[in-house]
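# Coordinate analysis (summary)
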Amino acid sequence: MKRAEQLTKLIYAALLAVGASTAHAQELSPTLQEKKEWVKEVEERDYLYWKRVIDRLEVQDEWSPPDSWFAPRVVVEGGDAPYFPSQTTKQTISESALHEAWSYALERNTQALLILHKGQSVAELYAPDHPKGSTVKARSMTKSLMGILFGIAIDEGDIGGLDDPIKIYVSEWADDPRGDLSIRTLLHNTSGLEFPLTAEPGSKASYLLNGTDVDQTALTYELDPTYSGRFMLNNVTTQVLGIALQRATGQPFNSYLSQKLWQPIGAHRALMKQDTIGGRVVTYCCMQGSATDWVRVGQLLLNDGLAPDGARVLPRGWVKTMLEPSEDNPNYGLHIWLGSPFTPLRSYAPPLEMAVANTHSEPFKADDLFYFDGGANTRVWIVPSEDLVIARLGNRPPKALGFDEAFIPNAIIDGIVR
């Protein structure tokens, strides 16, 4: 679709969203002068929202939104700890396995493939156009940070416990059935909050993705009995949890994340999306930072919450709690994915036939594997039984090639020198 045609349709949707009658919008003549007047009216009301909408439509790839969509950004201050030492005396994963995994990854638009084994770096591989230290988009892997931070907030007494009703922390829902949802239910993504099937300009889902008051939009989501108790990977759930965490701790999300997790593990400075300058942090996606720092987070969970220097960052046993699944989805814990039991097709929204499903050609070679999952097949696989962390970050693989979720971790596990 040409830009002019896109703009005409968007302006029509915008006028409806800001209060113009359907009849009036339909009667408007698409002359250049009138288009300018429409644009002026829309921009005056919510310029940044409509810019994001138009920019995303022009890219026409939901997994690779333009850089303008991530702006403005807020800083997550990091630490300065050195990266994990490289293996020097004995390579514990075969060269053939590393080559097989990297070849598979590279032809599928991977920017970085990093592997830690027994606390040492076995491989740190980057695409030619993505030098070491470059920023990567974590997409929905960002969600898993929420499950980690709630463990800290509970341990420090800011949150009473997993079974606290959300209304304790979100006063807007105090006299509403939504307020009875527990922290545990929200972290399991079985809240039953509505799951809009369209993100057309002007819609509720569009404002959650592109809007300038993301918290207020999140609080307008209603319960849908169709999804009650059912697993649905729902952006709004993580945003509501972010509201609760920030109010309970009295800190902006990025500051709390920096103080309690990012700096203690020595991760580098990172960025998160804000809905507007000085506004709310988008907590359900879109963190940008170094690939090495996601490996640090994976190693932290592998070590039951201990940082490389031995400092305890997470309460003892919290990782085990995170890996307790809900009754509805045995492959999903507290905002984190579990590799077992085996499922050939793993859906983000099982009640919806049209939902995206991930393909596994075979079971993972380790029953205790768990992982972070983000759009465009960004992954951090953590395998405690093998003392192994693998991170794949990059862009969406070509459709013609697809992406076998089991291939990279299984190739590496098979390549471990016994």
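The rules behind these values
- Numbering of residues begins from 1 in every chain and follows the order in which that chain's sequence is written.
- At least 70 in pLDDT is required for a residue's local features to be given in this predicted model, at least 80 for side-chain atom pairs to be given and counted, and no such filter applies to totals for whole chains, interfaces and linings, which use all residues.
- Hydrogens and water are ignored here; the side-chain numbers use all heavy atoms of the structure.
- Secondary structure counts use DSSP, requiring at least four H or I residues in a row for a helix and at least two E residues in a row for a strand, with both numbered from the N terminus.
- Burial classification: accessible surface area is computed with a 1.4 Å probe over protein chains only, and a residue below 20% of its type maximum counts as buried, one above 50% as exposed, and the rest as partly exposed.
- Whether two residues touch is decided by their heavy atoms; if any such pair falls within 4.5 Å, the residues are in contact.
- Per-residue and other accessible areas were derived by the Shrake-Rupley procedure at a 1.4 Å probe size, with only the shown protein chains allowed to occlude residues.
- Residues belong to one nonpolar core when they are buried, are Ala, Val, Leu, Ile, Met, Phe, Trp, Tyr or Cys, and are joined through side-chain atoms within 4.5 Å.
- Given a helix with a known number of residues, its expected span is that number minus one, times 1.5 Å.
- Whether a set of points on the 1 Å grid over the protein atoms alone is a cavity depends on a 1.4 Å probe fitting there but being unable to get out, while an open set qualifies as a pocket with protein on both sides within 12 Å along at least five of seven lines; lining residues are those with an atom within 4 Å of a point.
- Grid points are joined across faces, edges and corners, and a volume is the space filled by probe spheres set on the points.
- The nonpolar class holds Ala, Val, Leu, Ile, Met, Phe, Trp, Tyr, Cys and Pro. Asp, Glu, Lys and Arg form the charged class, and all remaining residues, Gly among them, are polar.
- In what follows, a disulfide is any cysteine sulfur pair within 2.5 Å.
- Any carboxyl oxygen of Asp or Glu that lies within 4 Å of a side-chain nitrogen of Lys or Arg is treated as forming a salt bridge with it.
- In this analysis, strands are considered paired if DSSP registers two or more bridges between them.
- Axis definition: a line fitted to C-alpha atoms, over the contacting stretch in the case of helices. Angles run 0 to 180 degrees between N-to-C directions.

Tallying secondary structure elements over the protein chain gives 13 helices and twelve strands in all. Looking at the 418 residues of the protein chain, the share that counts as buried comes to 54%. Of the contacts formed within the protein chain by residues at least 6 apart in sequence, a portion of 69% connects residues at least 24 apart. On the protein chain, roughly 17700 Å² of surface is accessible, and the fraction owed to carbon and sulfur atoms is 51%.

Before going further, it helps to examine the nonpolar core. With 81 residues, the main nonpolar core has Leu257, Leu261, Trp262, Met287 and Phe372 as its most contacted residues. Counting 30 residues, the second-largest nonpolar core is a separate cluster that includes Ala101, Ala123, Tyr371 and Ile412.

Over its 15 residues, helix H9 (residues 235-249) extends 22 Å from the first C-alpha to the last, a length consistent with the 21 Å expected when each residue adds 1.5 Å. In terms of residue burial, H9 counts as a mostly covered element, since 13 of its 15 residues are buried. Just downstream of H9 lies Gly250, where phi reads positive at about 75°.

Looking at the second largest pocket, its volume works out to about 350 Å³. In this structure, the second largest pocket is lined by 19 residues; those nearest its centre are Val356, Ala357, Asn358, Asn377 and Arg396. Among the elements that line the lining of the second largest pocket, the one with the most residues is strand E9 (residues 357-359), at three residues. By residue class, the composition of the lining of the second largest pocket is eight nonpolar, six polar and five charged.

With six of eight residues buried, helix H13 (residues 407-414) is to be regarded as a mostly interior element. On its buried side, H13 packs onto helix H4 (95-106), strand E2 (110-117), strand E11 (378-383) and strand E12 (388-394).

Next up on the list: the state of the cysteines. Per the counting criterion, the structure on display carries one disulfide. In this model, Cys285 is linked to Cys286 through a disulfide, with the two sulfur atoms separated by 1.9 Å. Between Cys285 and Cys286, the disulfide has an S-S torsion of -50° and is therefore left-handed. Residue classification places Cys285 among the buried residues on the basis of a relative accessible area of 8%.

Glancing now at the side chain of His130. Relative to the assigned elements, His130 resides in the loop between strand E3 (120-126) and strand E4 (135-137). Judged by relative accessible area, His130 falls into the buried class, the value being 4%. With near-sequence residues (within four places) excluded, His130 lies in contact with Gln111, Thr135 and Val136.

What follows deals with the pattern of salt bridges. One pass over the structure, following the stated rule, counts 20 salt bridges. The partner of Asp213 in a salt bridge is Arg280, with the nearest N and O atoms 3.8 Å apart. Highlighted residues: Asp213 in the loop between helix H7 (204-210) and helix H8 (214-218) and Arg280 in the loop between strand E5 (270-273) and strand E6 (288-290), separated in sequence by 67 residues. For Asp213, a relative accessible area of 28% corresponds to the partly exposed category. Residue Arg280 is classed as partly exposed on the basis of its relative accessible area of 38%. For Arg230, the salt bridge identified is with Asp328, shortest N-O distance 3.2 Å. In this pair, Arg230 is assigned in the loop between H8 and H9 and Asp328 in the loop between helix H12 (318-322) and strand E7 (337-338), connecting sequence segments 98 residues apart. Among the residues examined, Asp328 registers a relative accessible area of 30% and is labelled partly exposed. By sharing partners, the salt bridges in this structure join Arg346, Asp373, Arg379 and Glu405 into a single network.

Our next topic: the sheet that holds strand E10 (residues 370-374). Read across the sheet, six strands follow the order E3-E2-E12-E11-E10-E7 without closing on themselves; strand pairing throughout is antiparallel. Every interior strand has two partners, whereas the edge strands, E3 and E7, have only one. Examined bridge by bridge, E2 and E3 share six bridges and lie antiparallel to one another. Its bridge partner being in E3, His117 is matched across the sheet by Gln120. Helix-sheet contacts for H4 involve E2 and E3, and the interaxial angle to E2 is about 155°. Sitting on the sheet, helix H11 (residues 291-302) touches E2, E3, E10, E11 and E12, and the angle it makes with E12 is about 150°.

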